[in-house]
Structure formats: C-alpha cells, structure tokens
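Chain by chain, the residues run as shown.
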Amino acid sequence: MSVPDYMQCAEDHQTVLVVVQPMGIVPEDQFFRIYKRIASVSQVSIRDSQRVLFIRYRHHYPPENNEWGDFQTHRKVVGLISVTSCTTAKEWPQTSDRFHGQKEVFGSTLYDSRLLVFGLQGEVAEQQRTDVAFYPSYDDCPDVEKRVEDFVESIFIVLESKRLDRATDKSGDKIQLLCVPFEKKDFVGLDTDSRHYKKRCQGRMRKHVGDLCLQAGMLQDALVHYHMAVELLRSVNDFLWLGAALEGLCSASVIFHYPGGTAGKSGARKPSVSSAADAGKRHRPGAQEVLIDPGALTTNGISADTSTEIGRAKNCLSQEDIIEKYKEAISYYGKYKSAGVIELEACIKAVRVLAIQKRAMEASEFLQNAVYINLGQLSEEEKIQRYSVLSELYELIGFHRKSAFFKRVAAMQCVAPTIPEPGWKACYKLLLETLPGYSLSLDPKDFSKGTHRGWAAVQLRLLHELVYASRRMGNPGLSVRHLSFLLQTMLDFLSDQGCFYTWHFVSEPGAFPPLAWFIWAYVNTAIVLRSAPKQSV
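Structural notes, computed from the coordinates.

Rules used in this analysis
Residues numbered from 1 in each chain as written. Predicted model: local features only at pLDDT ≥ 70, side-chain atom pairs only at ≥ 80, totals over all residues. Heavy atoms only, no water. Helix = DSSP H or I, 4+ residues; strand = E, 2+ residues; numbered from the N terminus. Expected span 1.5 Å × (residues − 1). Buried < 20%, exposed > 50% of the residue type's maximum accessible area, 1.4 Å probe, protein only. Pairing = 2+ DSSP bridges. Axes fitted to C-alpha atoms, helices over the stretch in contact; angles between N-to-C directions. Contact = heavy atoms within 4.5 Å. Phe/Tyr/Trp six-rings, centres within 6.5 Å; stacked < 30°, edge-to-face > 60°. Lys NZ or Arg CZ within 6 Å of the ring centre and 35° of its normal. Core = buried A, V, L, I, M, F, W, Y, C linked by side-chain atoms within 4.5 Å. Disulfide = S-S within 2.5 Å.

Examining helix α6 (residues 219-235)
Reasoning step 1: Counted at 1.5 Å a residue, the expected span for α6 with its 17 residues is 24 Å, and the 25 Å between its end C-alpha atoms agrees.
Reasoning step 2: Extensive coverage of α6 is indicated by the burial of 14 of its 17 residues.
Reasoning step 3: Immediately beyond the C-terminal end of α6, within one or two residues, lies N237, with a positive phi of roughly 55°.

Here it is, written out as structure tokens:
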C-alpha cells in the first residue's frame, strides 16, 4: 500500500467503505452534485435493530489499498455506486457492460453495487431492477437518498452474515491464515500443524472478527475480540497484526470515549446507539487490558457467544491508555518497511485524539515521527498533500510557527524543478496562509515604531518569496506592492545588499519603470540616512 489517506481518524475503523465513481462521460459539476447527495447518507439506523451503520465515501480509491482489506476491514471497498449518463436505448448494452467492468476492479471485496443512470427514458428505463436506478435528468432524481439508504441496508445484511460466519467458524484447527500482500511469500512451506502457526491463525482471525463487530455496531463485542487477539498475537510475536489489534482496541475505545468523533467539526457525527447506551459503564481510569483465560476459547479460538467474556473484560482502555497503546502499535508497524502507510495513518489518528485531550507536546512527538516515515517515491502532488496535512495538524495542536513552516515547504513544493508546469498561484496562496504563523501582517498599521514581533530574518525571506511568486504568476504590480511594503516596514532589518536587491528586482523586464526608479530613490535615501552619524541633542 503506497497511498496514505491523510484524513483518517480513529472512528473510521467503524465505517464501511463505499466508492462513488463516474462512468463514461459525466459532467464534473453534475457528478459532484450527485456525490454530495449520496455522501449526505453518512449513517443509517438499521431497521429492527438498535445498531447504526456508518459509511465512508470516496470518489477515488487506489485498488492496491483494497488488498489490505483483511488486515483492517475499513480499508476494504464493500460498496460501489456508479454514476453515468445514457440518452438512448442503443447505448444501454454498452453502459451495462461498463458497469460490470467497473465492478470487477473491486469484485473480490464488494458486498453490493448500484448504478445510477441519468437521461434514459422509455422501455429500458421502466425495468424494475434493484441494482440500477433510472432518472430522467440530474435535476429530476428526488429519491437518490432513499435508494442509498436501501443500498446501505443491503450492505449491512452481507456484513452481518460475514461476521456470523467468521465468529462461528467450525473449521476447528484449520482456520484460514489472513495475510497482508507482502507476507504471502513468507508463509510458503511453513508447518501448518504447529502450535505456533495455529495460534497465529486464531489471533489474526480473532482480530478480523473484532473489525467486523466494530463495523456492525457491536462495540462491546469488538472490544472483547480485540483483547483476545492481543493476547494470542503477543504470545507468538506476530508484531504486525499485534499492532493492528492494538490499534483496533484504541479505535473502539476512542469511539466509546468520544462518540462525537475526533475529526473536528467537518467530521462530527451523532453518537451511535451502542456507545451511548453504554456511557454509564465506563471503567475506572487507568484500567489495563484484560488477561483472557485460555479456557474461554473454543477449539478454533473464536467463540460465537461473547456475553460471558464481556462480563470479565474491561469495557475499554482509559483515555491515557489509548495513547500508550497507539505508541506500542506504531512501534510494531515501524518494524516493517511495507507498513509505512499504516504507521503514518496511525500517527495522524493519535494526534487527533491528543488534540481533543489538549496534550500538545505528546501530539508533536507523534507528528515528528510522521515526518520521518519513509513512504518511498512520492509524486510531487503527494508531497504537497503530505506537508499541507502536517501543517493543518500542527495548527490543530496550537503549534502555529511549525504549521507555517510546513505550509511554506508545501508552497515551495508547488514550484519544484521537477514539476513541468509549476503552480505559482498555489504557491503564492500557500505563502499568504503562512503569514500569521510568522507573526507577520500585510497591514502597515500593525507595525509600530520601535517594536517588532517575530523573527525578522524569516519574515524578510517570506516577503521576498511573496514578491518572487507574484512576479512569476504574472502580476508585477502585486510584486512591487509587496516590495514597497517590505521597504516601508522592514527597512531597519535590511542590509545594504538587501536594499539594492529590491531595486534590481523591480528593474527587471516586466516591472513598472517609474516605480522602479521611485524605489531606487527611496532605497538610496534610506541608506544615506541610516549610515549618517546621529547628532547628539
């Protein structure tokens, strides 16, 4: 897996992943109108049940990330909604074939799929099909949300079926060994009858069942399965999956303690029924993970009835223990080069939790670790996204200057030499956003004589970068304005060489000659006055 999701948060472990994609020629604005309506159905209360199913939508998802679905089930694409335009009955067979081809991309993991067809009317559109919905136009589709709700309920039925199948597996000692992609070659030729191998299979399956329980809205059951998975995997030093079990335990505990979510206002969610109902059952602070009695396990290590185990298990980790377990999980991920994306995302999730707990220094340690995680060869766009997200997270914990630093790095990445068409406008916009972090304002009224806030050398560098970026994006007037501001407010901190640099810059081709000579005169006068001996009164 090479593409991290920088928006990941702990509560995403409770969601099922649905991909919404355009098919064929679909106007971009119309697609995103429909996508917004689909994404508004973010949680569905299941009929005849007190459970709630949470949905995470993506309009783009790398197929290689889907291969990690057994490792963490919230990474598995279980639903597909295709949006397409089709105006004549002759186009319908080709449209149907395209839909089947799109399903094959995620075919191994899909629970269900839907096709929304816009523009087709007549005999074909009158067919009654559960997997296809026909609408006359993008403006005339009143029941999109209702169809999405029905689609989500069908996903829940399959999810619940798989959860029960896994939890009541009757295969005895022959449990399937779940693997991540890079592990498969390592298990060829192993003794499948050894006690060590069987425990590994049991621990991984127990962790997998915990994931399914969490997605199915059974928080208490998930906690029990995660606890047991930790004990089994720790006993066989299965570090990668032990890290995943610990992270699952952390996620379930975060959902329990913070039912409103950790993603901020944009990701706020209503408390789920299961977590709200258990709000009065939280254990005392400082409680540690439970030690599971081996006698409680069945022959295959998976018990269908967890009610007795729930009584013995601590409900969840305390708020302090959540962070300790995150640290432990991240240390295990760090042992595997191929798990860099998992490690990075775990750091981001921990930071969001620490931000809510107002533990900024500990959050900065996780972010510092995230900076040095090697993800291999990243594209320039991925680098920009990575630095921008680091900036946002530092801003979230109150590290404004550090946030400004990474935003400035992202700005410079927009115009890296390796980019065929440098994005000077994006660079300029990001540079403007760094100003508050460096205590710099573009309003001359904010500068008082004799007082100065911030590091003058860094502010000068930033202003010069604004001047250069505005020139390169084709706005020489704006660059002269920034230079005038620089001379008016920062002249005391400019060396003589720096003063002359400003004139040489504005006198380059493309600048305004009258302004260039005015600044030249201003600079010379300022240098003379600054170097003249002061008379004593």
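And the narrative resumes.
Observations regarding the sheet that holds strand β4 (residues 77-85)
Reasoning step 1: The strand order across the open sheet built from six strands is β2-β3-β1-β4-β5-β6, with neighbouring strands paired in mixed fashion. Each end of this open sheet is capped by a strand with a single partner; those strands are β2 (43-45) and β6 (132-135). Between one strand and the next, the sheet's axes are offset by a mean angle of 20°, whatever the strand orientation.
Reasoning step 2: Relative to strand β5 (residues 112-118), β4 runs parallel, the two sharing seven bridges. Its bridge partner lying in β5, S82 is registered against L115.
Reasoning step 3: Packed on one face of the sheet, helix α1 (residues 28-39) meets β1 (15-23), β3 (52-58), β4 and β5 and runs near 160° to β1.

As for the packing of aromatic side chains
Two aromatic rings, taken as a pair, are described by how far apart their centres are and by the angle between their planes.
Reasoning step 1: Following the criterion strictly, the structure yields 17 aromatic pairs and no others.
Reasoning step 2: Taken together through their ring pairs, the aromatic side chains of W68, F71, F182, W241, Y333 and Y336 make up a single cluster.
Reasoning step 3: The ring of F71 is capped by K207, whose NZ or CZ atom sits 5.6 Å from the centre of that ring.
Reasoning step 4: Stacked on the ring of F239, the Lys or Arg K335 has its end atom at 5.1 Å from the ring centre.

Remarks on the nonpolar core
Reasoning step 1: Core analysis: the largest hydrophobic core is formed by 71 residues, its most contacted members being F71, L240, Y326, Y333 and F366.
Reasoning step 2: Contributions of two or more residues to this core are made by α5 (195-215), α6, α7 (239-257), α10 (319-333), α11 (340-357), α12 (360-371) and α13 (380-396).
Reasoning step 3: Per-element tally for this core: the top contributor is α7, with 12 residues.
Reasoning step 4: Setting aside anything within four residues of it in sequence, one finds F71 in contact with V180, K207, D211, L240, W241, A244, Y333 and I342.
Reasoning step 5: Residues V20, V41, Y111 and L116 belong to the second largest nonpolar core, which totals 33 residues.

Considerations on the state of the cysteines
Reasoning step 1: Taken as a whole and judged by the stated rule, the model has zero disulfides.
Reasoning step 2: With no disulfide of its own, C201 lies closest to C179 among cysteine sulfurs, the gap being 8.2 Å.
Reasoning step 3: The class for C201 is buried, based on a relative accessible area of 1%.

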